[in-house]
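Understanding the architecture of this molecule
Here is how the chains run, residue by residue.
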Amino acid sequence: MSDNNFYITTPIYYPSGKPHMGHAYSSIIADIFARFKRIEKNNVMFLTGTDEHGQKIEREAQKNLKKPKEFCDEISLKFKDLTKTLNLSNDDFIRTTEKRHHKAVNEIWNRLVNSKDIYLSKYSGWYSVSDEAYYSDDEVDTKNNLKISKISGSKVEWVEEESFFFKLSSWQSKLLKHYESNPDFILPKSRKNEVVEFVKSGLKDLSVSRTSFTWGIPVPKNKKHVIYVWLDALTNYLSALNFPDEKNVKYKNFWPANIHVIGKDILRFHAVYWPAFLMAAKIPLPKRIYGHGWILSDEKKMSKSLGNILDPLDIIKKYGIDQLRYYLIKEVSLGNDGSISLKSLKDCINNDLANNFGNLCQRVITFVEKNCNSCIPNCKKFFKEDQIIFESIIKKVPELKKLIDKQELNQYMKEVINFSFEANKYFNDLKPWDLKKDNIERMNAVIYTILNQIKSISILLYPVIPGSSEKILNCLGVDKMDFNIDCLLDTNYLKMGYKIKKPGILFKKIEDDN
Ligand code: MSP
């Protein structure tokens, strides 16, 4: 696999209800990394999709008096539409009801059977349909006469049925060894520690088939069973690469995945079960599992069952998609939980986007219109203060790349916004409106410098606010092919004499009653 291939995935979403902010959050994070890797000129494959089998979906379809497939077709479409609304740059959208996925799941199952990692027995224990997860006795609590999972808080029910088991217990020491020799396999660090503790406490074999319902992929050669929905779902990361055709160019280029972006609630499945399944099936492991925190509303996880959902579609309609993308990333520290509210959304849009970066662009472009005949000025000579500001961004590029590689998105944003403060300060300090009176040559150099800074900041913000950055870059005559780090580093890129186009209002300030 060449070094410049990069494969990133989101979780695949249960099409059990309409998409909410938590789903939008996982997808936006992954999109930002995918876009950054593209501006670094990597060959990127970005995957998202829907997880359509299992009891949760079967029951939801029944409630809606629909056949499961018909129900999934409808809701999966909403998730597909959401990829457009969120301006995701995904290269594929996988549905676990597709043929290509069944093929991959069958292959994995057969490999696990052949490696003798699967045996037939009986499961009796707790199961949460809402989490599609098994819980042990000590993970279950009683609340208001209801049995619930201590981990997720969702209702559990007692299940007793014939089941195939995966010999998870026999992978315990190999998993621990993998975590130890690949210290960045699970990030952030705090999540890694949780997983290591869990695995050290002892792994039990995992039930990987169900017999009490039928909505799933049948177990090969034993149609009474359907494959456990998590074994089914996790395989999506491979099926989108045409696995089991290991000679296929997609598989060759993109497996092992560089990163699976997931929420912390599904860490166990990705950081324990998935690598164990893969090791047993003799498939290389993904390089990183990143477990982000939860979006909270009133300090509680935002979820359908709690009824505390801020609808992403409402917010996008009212304030704009880039505004939402920017806010979620800026407001919530990536690995931790974070509360969101309309009040802080408005403050963030006004302070960072409207008053800082938006205002910088607007002021400079208006100045160019009025004083430079709307053209990028001609200039020959730059001064030390121009060089300093050019270099302040250029020198930081290697560090910015590292921050993204470590998923330190909040620090990245801080640095980029700081460039915008710096550029505003440069514009104010050098007062081109005064230079206009007696030093046009110097005024031209200052304007060129500031336009160059706007170009660079727009490229760095492109992964986060792609629509608005594109508007600004277009206005400066930057070709879409050049939305990349090389263009950022090229301080002569902007064509002198190029007539800039007006971008229109970039970020509207939100008034209090709005
Ligand atoms: N179908 C499984 C994932 C299978 S991946 C092989 C699933 N689906 S989900 O629709 O319930 O959730 C998908 C993602 O949304 C998870 O990463 C979850 O953490 C995220 N979010 C759901 N609610 C959330 C918040 N309130 N905040 C942040 N993300 C949360 O799990």
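Residues numbered from 1 in each chain as written. Predicted model: local features only at pLDDT ≥ 70, side-chain atom pairs only at ≥ 80, totals over all residues. Heavy atoms only, no water.

To continue, consider the pattern of salt bridges. Considering all chains together, one arrives at 35 salt bridges under this definition. Between Asp311 and Lys18 there is a salt bridge; the shortest N-O distance is 3.1 Å. Taken together, the positions of Asp311 in the loop between strand S17 (300–301) and helix H11 (312–319) and Lys18 in the loop between strand S1 (5–13) and helix H1 (21–39) put the pair 293 residues apart, joining distant regions of the chain. Look at Asp311 and you get buried, because its relative accessible area is 14%. Several salt bridges converge on common partners, so that one network encompasses Glu52, Lys69, Asp73 and Arg95. (Salt bridge = Lys/Arg side-chain N within 4 Å of Asp/Glu carboxyl O. Helix = DSSP H or I, 4+ residues; strand = E, 2+ residues; numbered from the N terminus. Buried < 20%, exposed > 50% of the residue type's maximum accessible area, 1.4 Å probe, protein only.)

In the neighbourhood of the ligand, 26 residues make up the surrounding shell, with Ile12, Asp51, Gly263, Asp265 and Ile295 lying closest. Separating a nitrogen atom of the ligand from a backbone N or O atom of Ile12 is a distance of 2.8 Å. Residue Tyr14 places a main-chain N or O atom 3.2 Å away from an oxygen atom belonging to the ligand. Its free accessible area being 660 Å², the ligand has 95% of it covered by the protein chains. At the level of secondary structure, the elements contributing two or more residues to the shell around the ligand comprise S1, H1, helix H7 (229–234), helix H8 (236–239) and strand S14 (259–263). Broken down by element, the residue count for the shell around the ligand peaks at 4 residues, all from H1. For the shell around the ligand, the class distribution of residues is 14 nonpolar, 9 polar and 3 charged. (Near = heavy atom within 4 Å. Polar contact = N/O pair within 3.5 Å; in protein donor to acceptor, adjacent residues only side chain to side chain. Areas by Shrake-Rupley, 256 points an atom, 1.4 Å probe, with all protein chains shown as cover. Nonpolar A, V, L, I, M, F, W, Y, C, P; charged D, E, K, R; others polar.)

With that settled, consider the packing of aromatic side chains. A full pass over the atoms with the stated rule returns 22 aromatic pairs. Taking the centre distance of 6.2 Å and the plane angle of 90° together, the rings of Phe367 and Phe427 count as edge-to-face. Within this pair, whereas Phe367 is found in helix H13 (residues 342–371), its partner Phe427 is found in helix H16 (residues 409–430), the two being separated by 60 residues in sequence. By relative accessible area, which is 2% here, Phe427 ends up buried. (Phe/Tyr/Trp six-rings, centres within 6.5 Å; stacked < 30°, edge-to-face > 60°.)

Note: strand S6 (residues 140–143) against strand S7 (residues 146–149), 4 bridges, orientation antiparallel. Residue pairing for S7: Asp141 is matched across the bridge by Ile148. (Pairing = 2+ DSSP bridges.)

The calculated volume of the second largest pocket comes to roughly 480 Å³. If you trace the second largest pocket, you find 23 residues lining it, with Tyr134, Tyr135, Ser136, Glu139 and Lys204 closest to the centre. The element that contributes the greatest number of residues to the lining of the second largest pocket is strand S4 (residues 118–128), accounting for 5 residues. Here the residues of the lining of the second largest pocket sort into 11 nonpolar, 6 polar and 6 charged. (1 Å grid on protein atoms, 1.4 Å probe; cavity = no way out; pocket = protein on both sides within 12 Å on 5 of 7 lines; lining within 4 Å. Points joined across faces, edges and corners; volume = space filled by probe spheres on them.)

Another aspect to go through is H13. Maximum bend of H13: about 45°, positioned at Asn359. Of the residues trailing H13, Asn373 is marked for its positive phi of about 55°. (Bend = angle between axes of the 7 residues up to and from the residue.)

Attention now goes to unusual backbone geometry. The omega torsion across Phe243 and Pro244 is 10°, close enough to zero to call that bond cis. Inspection of the secondary structure assignment puts Pro244 in the loop between H8 and helix H9 (249–254). Unusually for a residue other than glycine, Lys116 sits at a positive phi of about 65°. Secondary-structure assignment places Lys116 in the loop between helix H4 (99–114) and S4.

So, about the sheet that holds strand S11 (residues 209–210). Taken together, the 3 strands give an open sheet; going across it, the order is S11-S13-S12, and neighbouring strands pair in antiparallel fashion. Since the sheet does not close on itself, it has two edges, and those belong to S11 and strand S12 (218–219), each with one partner. Across 2 bridges, the pairing between S11 and strand S13 (residues 222–227) is antiparallel. When the bridges of S13 are listed, Ser209 appears paired with Ile227.

With that settled, consider the side chain of Ser392. The topology assignment puts Ser392 in helix H14 (residues 384–394). For Ser392, a relative accessible area of 19% gives the class buried. Within polar-contact distance, the side chain of Ser392 engages the backbone oxygen of Ile389 at 3.0 Å.

What the domain assignment reports for the protein is domain 1 (5–293) and domain 2 (341–489). For domain 1 versus domain 2, the distance between C-alpha centres works out to 41 Å. Domain 1 puts 13 residues into the contact, and the matching count from domain 2 is 17 residues. Carbon and sulfur atoms supply 68% of the area buried between domain 1 and domain 2, which totals about 1500 Å² over both sides. (Domains from an automatic or database assignment. Contact = heavy atoms within 4.5 Å. Buried area = accessible area lost by both parts, 1.4 Å probe.)

Quick look at the sheet that holds strand S3 (residues 92–95) now. One open sheet holds the 6 strands; their spatial order is S3-S2-S1-S14-S15-S9, and the pairing between them is parallel. Each end of this open sheet is capped by a strand with a single partner; those strands are S3 and strand S9 (186–187). Here 4 bridges tie S14 to strand S15 (residues 289–292), and the two strands are oriented parallel to one another. Following the sheet pairing, Val261 is matched in S15 by Tyr290.

Turning our eyes to something else, we now look at the packing of helix H5 (residues 172–181) against helix H6 (residues 189–200). Running from N to C, H5 and H6 cross one another at 155°; their axes reach a closest spacing of 10 Å. It follows that H5 is roughly antiparallel to H6 by the angle criterion. Judged by the sense of rotation from one axis to the other, the crossing of H5 with H6 is left-handed. On the side of H5, the interface is formed by Gln172, Leu175, Leu176 and Tyr179, while H6 contributes Lys192, Val195, Val196, Val199 and Lys200. Split into classes, the residues belonging to the contact of H5 with H6 amount to 6 nonpolar, 1 polar and 2 charged. (Axes fitted to C-alpha atoms, helices over the stretch in contact; angles between N-to-C directions. Parallel < 35°, antiparallel > 145°, perpendicular 65-115°, else oblique. Left-handed = near helix turned anticlockwise from the far one by under 90°.)

A few words now on the side chain of Ser154. Mapped onto the secondary structure, Ser154 falls in the loop between S7 and strand S8 (157–166). Within the local environment of Ser154, its side chain forms a polar contact with the side chain of Ser128, the two groups lying 3.4 Å apart.

Counting buried residues in strand S2 (residues 43–50) gives 7 out of 8 residues, a clear majority hidden from the surface. Crossover handedness for the path S1 to H1 to S2: right-handed. Direction of pairing for S2 relative to S3: parallel, over a ladder of 4 bridges. Paired with Leu47 across the bridge in S3 is Asp92. (Right-handed = clockwise from strand over helix to strand, strands pointing away.)

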